[in-house]
Amino acid sequence: MISPALSRRAWLTGAGLAACGYLAAGHAEAAPAGYVTPGGTVTPGLAPGLRSRVLTTYPDGTKDYLLAFGKGDEVFSGLTEFAEKEGLHAARLQAIGAFRSARFAWFDAARKAYREVPVNEQVEVCSLLGDIGLAGEKPQVHVHGVIGLPDGTTRGGHLLEAHAWPTLELFLTAWPKALVKKRDEETGLSLFDPTL
């Protein structure tokens with residue numbers, strides 16, 4: 001079982017999935033067994049093996065990066081620290097590699113909480129896609145993925161936590177203009193607002 005101290009639960013600042021959005025910070029309530037309610041902040045320092053390199057810098061300031069996660073690195077800790085260090089406010093990402101463990105989730109709109117889908121074995125990352133946007137004054141990472149199990153079946157959904165093993169190879173494109181999330185009063189979610 002994945003240690004709660006290493007979970008994305010410690011990272012989520014009011015993030016939740018519904019229409020690929022996030023619950024607004026400060027609106028979390030206790031979740032029933034098997035569910036996770038968003039809240040907290042990212043635990044730094046859980047990706048000490050993360051290495052990065054700028055692949056291309058374009059005239060408008062757009063940059064392409066390669067991020068290589070090391071054995072045991074927690075993906076959200078590393079991505080969040082990287083986004084903060086680089087001052088990223090708008091990005092898309094894709095990755096392949098493998099995890100030794102992960103927790104995916106499906107957002108239950110009626111409960112406003114994530115139903116957990118734990119994966120406690122070595123798996124292949126078939127596809128990992130996501131974005132980084134500005135929520136308040138900080139970058140917020142949002143990732144979905146599909147993983148392959150030893151028997152060839154797959155699982156996936158909204159990624160809460162993942163530990164790379166032996167690596168996760170991630171390509172990220174960052175734009176100079178921020179993508180901003182705005183609270184939607186009807187759902188309580190923070191969603192991208194392209195007009196901002």
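Before reading on, note that the structure itself is shown above.
Residues numbered from 1 in each chain as written. Predicted model: local features only at pLDDT ≥ 70, side-chain atom pairs only at ≥ 80, totals over all residues. Heavy atoms only, no water.

A. Seen up close, the pattern of salt bridges. Counting across every chain of the model gives 4 salt bridges. K85 is the partner of E86 in a salt bridge, and the nearest nitrogen-oxygen pair spans 3.9 Å. Here E86 falls in the partly exposed class, since its relative accessible area comes to 29%. In this structure, R103 and E161 form a salt bridge, with 3.0 Å as the shortest nitrogen-oxygen distance. One end of the pair, R103, is in strand β5 (residues 90-108); the other, E161, is in strand β9 (residues 154-174), with 58 residues separating them in the sequence. Judged by its relative accessible area of 7%, R103 is buried. Residue class for E161 comes out buried when judged on its relative accessible area of 0%. The structure contains a network of salt bridges with shared partners spanning R103, E116 and E161. (Salt bridge = Lys/Arg side-chain N within 4 Å of Asp/Glu carboxyl O. Buried < 20%, exposed > 50% of the residue type's maximum accessible area, 1.4 Å probe, protein only. Helix = DSSP H or I, 4+ residues; strand = E, 2+ residues; numbered from the N terminus.)

B. Structural detail: a nonpolar patch on the surface. There is a patch of nonpolar side chains on the surface, built from W175, L179 and F192 and spanning about 240 Å² of accessible area. Along the polypeptide, W175 turns up in the loop between β9 and β10 (181-184). (Patch = residues over 30% accessible without salt bridge, like charges linked within 9 Å, V, L, I, M, F, W, Y side chains within 5 Å. Areas by Shrake-Rupley, 256 points an atom, 1.4 Å probe, with all protein chains shown as cover.)

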